[in-house]
Amino acid sequence: MADVGEILKSVLSTIRVPQPGDRVHKDECALSFSSPESEGGLYVCMNTFLGFGGRYVKKHHLRTGQRAYLHISRVRKPKSEDDSNSGSGHPPKKKPTRLAIGIEGGFDVEQEQYEDDVKVVILPDRQEVTQEDLATMPDVVRERVSQSIAGIMAADSVSHTLQVQQWDGEVRQESRHAAELQQLDNGLKIPPSGWRCEVCDLQENLWMNLTDGKVLCGRRYFDGSGGNNHALLHFQETGYPLAVKLGTITPDGADVYSYDEDDMVLDSKLPEHLTHFGIDMMTMEKTERTMTELEIAVNQRVGEWEVIQESGTSLQPLFGPGLTGMKNLGNSCYLNSVMQVLFSVPDFQSKYASNFETLIDEAPNDPSQDFKTQVAKLGHGLLSGEYSKPVADPTEENGAPEPRGDQIGIAPQMFKALVGRGHPEFSTNRQQDAQEFLLHFINMVERNCRSGPNPSEAFRFLVEERIVCQQSQKAKYTQRVDYIVQLPVPMDQATNTEELQEAERQREQGDSAPTVRAKIPFSACMAALNEPEMLTDFWSSAVQAKTTATKTTRFASFPDHLVIQIKKFTFGLDWVPKKLDVSIDVPDTLDLNGLRATGQQPGEELLPEVAPPPLMTPDVEVKAPVLDVSTVSQLGEMGFPLEACRKAVYYTGNTGIDSAMNWIMTHMEDSDFAAPLVLPGCSSGPGTTPTESLSEDHLATIVSMGFSRDQATKALRAKSNVLERALDWIFSHLDDLDSMDVSEGGRSAAESESGREPPPGPRVKDGPGKYELFAFISHMGTSTMCGHYVCHIKKGQQWVIFNDQKVCASEKPPKDMGYLYFYRRVAD
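Residues numbered from 1 in each chain as written. Predicted model: local features only at pLDDT ≥ 70, side-chain atom pairs only at ≥ 80, totals over all residues. Heavy atoms only, no water.

Moving on to the sheet that holds strand S12 (residues 256-258). Reading across the sheet, the six strands line up as S8-S13-S12-S11-S9-S10 and stay open at both edges, with mixed pairing between neighbours. Each edge of the open sheet is held by one strand with a lone partner, namely strand S8 (173-174) and strand S10 (215-217). Pairing of strand S9 (residues 206-209) with S10 involves three bridges; the strand directions are antiparallel. Each residue of the ladder has a partner; that of Met208, found in S10, is Val215. Here helix H5 (residues 230-238) sits on the sheet in contact with S9 and S10, set at roughly 120° to S10. (Pairing = 2+ DSSP bridges. Helix = DSSP H or I, 4+ residues; strand = E, 2+ residues; numbered from the N terminus. Contact = heavy atoms within 4.5 Å. Axes fitted to C-alpha atoms, helices over the stretch in contact; angles between N-to-C directions.)

Below, the structure written as structure tokens:
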């Protein structure tokens, strides 16, 4: 032991105690999904605090020279019989009574208990030092090493969500209006029962405004049930913010909603506020379900959750390469589903998984922060089959696990932290929209594939938009790049209208109505997509005035893999998000060749390239734009920043609330979303950004998509160095790129064009428009901000359901209830 003590003393200067701000990776290997529970445990470098499995710790030692590692081995404690879970996909044994995950009364999650064994290992000879060994060593060695061990074990891991995190949907904040709420002294007294809406006579889902005592019905739910929005309309008219749900008042409290804060809230003065209108909390009894109980009921809805998860049937667990489950890290099912599908695409497999060992060898000293290393690690984890093994039950004497559907699987904690870093939504543990995450990840791939193969090109295609001025019959053609086809849902084309009307009638009469889902033909969705869009207030350069125009959209290219999003999530007339509960007969095969763009028609005249008059005064000094004040005001009342509202109205040319709202939704993620509106002609406006101030990162991203540096420069200048807007601009000006005035370096367009090949344009793969369905992602719940995602992927001739950590053969893939559909090209 003296030898080990001397060795430990010699490396003592490299052993650190974690300080605030240090990232401690003690739950996951930086290069694989080894963890303390894995065979061989995890080695944490006592200098950099990076974790490595037994396969890669020597590689780190040879690369960095670090020798001291804390070896952590974690053993799962046996679970009691009451805690065991069948793992068969059936609903939880205990009915949830709380809108929460991971706490008493919430939705069931599997909580494991562990025992840790730690020791110091010195490389390269892997000499071990236990806690008992440390006690015999000199004080200076014992104290430094013991402090480092204690610090590592006590530190919050970067992958703090090793198990499913707790989430409590019932945690509410005190309303900012509660303490100083003004109540009208109007003499109104509310009886203890027999309430009706003062506008429509509804007798359920009633809310009393705590300012004036008005009793009105609540919001209409996405499925048509609920109220008629009269309580909300009353707030919009009066500004009175708080309302209490009648029927939920008990001595313990009640449901209080703040319309101004748009959330369920706490009112610490609720007894006083109720007494003002003659209501004694201590004598009230509950007669209606609380909003939490309603949400739980919706989240357990048999018609959606059980169908999509194929519950109620005994599904055969599957194991092996390409059949690896992913642990839910706390509302990360959206990420799990998207990444499972992407790594069933050959382009992503060859870019990352096939080159895994090469990418690992090229990884930087801190691979936890390297995008391609973490994506390659994820791809290898999903496809290798190394982690696709049944979870061993420690209570079984022979140690042979019985397949239950649960897998060892992988926990993509490091990957999730990296791709979500700096993003206001994906960096959180809240539920997210799978479509938004797909585009976010594709954008990251684009930025990180500036040389070599770019797997996101598998989804990239060109869209041609043809706008025809109805007065002059002259046309304008533009092209843009897209990755997803957004398919509208024409609810008026439902084939079971009578059933829907009958269910609605039963709900209005207060009867219990069966769940009836609108059946929409896929052909009707395609027809709605292809239908010409009428543009009002279109400024025609041919007639030099506003007129009407039609816009048709066609494919200018067909990608190798086509993604179709069913636009189930939409906004009601009051801009409240809602989900359409529909069934669509999505086909296994598609032939879109008839939708290929044809370009300018024979004999067709094009609209002159003349800019519309600016929305500002023609004075030398630039003044404020002439904006539709009412539209700006309406947007502001919805809670959007004032400058964002002004920009929305400006950039849509005062064409109304709908187009301005669409602009808002499209640009909400822009870094300058709430920045002041900068007008053309201002010193910091578009077109005046000097070359030296342009982001090299943004330039490289645009160049990587097949454009020249000159074209990238023009686009970034035109859009004030904002990458997303520059990309939109460049794809809408493909025909005009060579005719712009100034290219990089101050050369004129004519000078830069001489001896130069035509611009390459965006790189897209093209071919026949025939496809077959190979995967789809489904969503359960009332909105993208809650609920659960699963995906189905076709492996050979077998459909497989990936439900986080469970991977099973699918018996009845619910193709009609998907949210995102993935098709691949088939031979013509």
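More follows now that the structure is in view.
Burial in helix H16 (residues 522-530) covers these residues: Phe522, Ala524, Cys525, Met526 and Asn530. Residues of H16 that are buried make contact with strand S16 (485-487), strand S17 (518-520), strand S19 (545-555), strand S20 (561-566), strand S23 (582-584) and strand S24 (589-591). (Buried < 20%, exposed > 50% of the residue type's maximum accessible area, 1.4 Å probe, protein only.)

This part is about empty space enclosed by the protein. Summed over all chains, the structure comprises five cavities of 30 Å³ or more. Space inside the largest cavity adds up to approximately 70 Å³. The greatest single-element share of the lining of the largest cavity, amounting to three residues, is contributed by helix H2 (residues 57-64). Tallied by class, residues from the lining of the largest cavity come to six nonpolar, two polar and two charged. (1 Å grid on protein atoms, 1.4 Å probe; cavity = no way out; pocket = protein on both sides within 12 Å on 5 of 7 lines; lining within 4 Å. Points joined across faces, edges and corners; volume = space filled by probe spheres on them. Nonpolar A, V, L, I, M, F, W, Y, C, P; charged D, E, K, R; others polar.)

So, on to the sheet that holds strand S3 (residues 68-76). Read from one edge of the open sheet, five strands run S2-S1-S3-S5-S6, paired in antiparallel fashion. Both edges of this open sheet fall to strand S2 (51-52) and strand S6 (127-129), since each of them pairs with a single strand only. Alignment of strand S5 (residues 114-122) against S6, held across three bridges, turns out to be antiparallel. Within the sheet, the bridge partner assigned to Val120 lies in S6 and is Val129. Most of the contacts of H2 go to S3, to which it runs at about 165°, and overall it touches strand S1 (42-45), S2 and S3. Sheet strands in contact with helix H4 (residues 139-154) are S1, S3 and S5, and its direction is about 140° off that of S5.

With six of its six residues buried, S20 lies for the most part within the structure. Of the two faces of S20, the one holding His561, Val563 and Gln565 and the one holding Leu562, Ile564 and Ile566 are both buried throughout. The pairing of S16 with S20 spans three bridges and is classified as parallel. Bridge pairing links Leu487 to Ile566 in S20.

Negative phi values dominate among residues other than glycine, just as trans dominates among peptide bonds. A cis amide bond links Leu123 to the next residue, Pro124, at an omega of 15°. Structurally, Pro124 can be placed in the loop between S5 and S6. Phi at Asn205 takes a positive value of approximately 55°, unusual for a residue other than glycine. Take Asn205: it is sitting in the loop between S8 and S9. Among the residues examined, Asn205 registers a relative accessible area of 5% and is labelled buried. Here Asn229, not a glycine, exhibits a phi torsion of approximately 70°, which is positive. Among the structural elements, Asn229 can be located in the loop between S10 and H5. The exposure class of Asn229 is buried, given its relative accessible area of 18%.

On to the packing of aromatic side chains. Across all of its chains, the model carries 19 aromatic pairs by this definition. Relative to Tyr387, the ring of Phe33 has its centre 5.9 Å away and its plane inclined at 85°; by these criteria the two rings are edge-to-face. Note that Phe33 is positioned in the loop between helix H1 (2-10) and S1 and Tyr387 in the loop between helix H12 (371-383) and helix H13 (413-420), a separation of 354 residues in sequence. With respect to burial, Phe33 and Tyr387 carry one shared label: buried. Relative to Phe441, the ring of Phe437 lies with its centre 6.4 Å away and its plane at 25°, an arrangement referred to as stacked. Of the two residues, Phe437 and Phe441 both sit in helix H14 (residues 434-448), four residues apart, roughly one turn of that helix. Here the aromatic cluster, defined as three or more aromatic residues joined through ring pairs, consists of Tyr334, Phe343, Phe348, Phe371, Phe415, Phe426, Phe437, Phe441 and Phe459. (Phe/Tyr/Trp six-rings, centres within 6.5 Å; stacked < 30°, edge-to-face > 60°.)

This part takes up the nonpolar core. Ranked by internal contacts, the top residues of the largest apolar core, which has 96 residues, are Leu8, Val145, Met339, Tyr352, Phe441 and Phe822. Leaving out residues up to four positions away in the same chain, Leu8 has contacts with Ile15, Val120, Ile122, Val129, Leu134, Met137, Val141 and Val145. Within the second largest apolar cluster, 31 residues are counted, among which are Trp207, Ile249, Tyr257 and Leu274. (Core = buried A, V, L, I, M, F, W, Y, C linked by side-chain atoms within 4.5 Å.)

Listing the buried residues of helix H19 (residues 657-667) in full gives Ala660, Met661, Trp663, Ile664 and His667. On an axial view of H19, the arc spanned by its buried residues comes to 155°, and they lie on one face. Residues of H19 that are exposed and point more than 90 degrees away from the buried face comprise Asp658 and Thr666. (Arc of directions from axis to C-beta.)

All right, on to the packing of helix H17 (residues 629-637) against helix H18 (residues 642-651) then. Closest axis-to-axis distance for the H17/H18 pair is 9 Å, and the angle between their directions is 135°. Taken as axis vectors, H17 and H18 run oblique relative to one another. The hand of the H17/H18 crossing is right-handed. Residue-level inspection shows Thr631, Val632, Leu635 and Gly636 of H17 in contact with H18, the latter providing Leu642, Cys645, Arg646, Ala648 and Val649. Looking at the contact of H17 with H18, its residues break down into six nonpolar, two polar and one charged. (Parallel < 35°, antiparallel > 145°, perpendicular 65-115°, else oblique. Left-handed = near helix turned anticlockwise from the far one by under 90°.)

A few words on the pattern of salt bridges. Under the counting rule described, the total for this entry stands at 30 salt bridges. Its salt-bridge partner being Glu386, residue Arg55 comes within 2.8 Å of it at the nearest N-O pair. Remark: Glu386 occurs in the loop between H12 and H13 and Arg55 occurs in the loop between S2 and H2; sequence separation between them is 331 residues. With a relative accessible area of 26%, Glu386 lands in the partly exposed category. For Glu604, the salt bridge is made with Arg466, and the minimal N-O distance between the two is 2.4 Å. Of this pair, Glu604 sits in the loop between S24 and H17 while Arg466 is found in strand S14 (residues 461-469), placing the two residues 138 residues apart along the sequence. A relative accessible area of 12% places Glu604 in the buried class. In the salt-bridge network here, residues are joined through shared partners; they are Glu465, Arg480, Asp482, Glu533 and Lys551. (Salt bridge = Lys/Arg side-chain N within 4 Å of Asp/Glu carboxyl O.)

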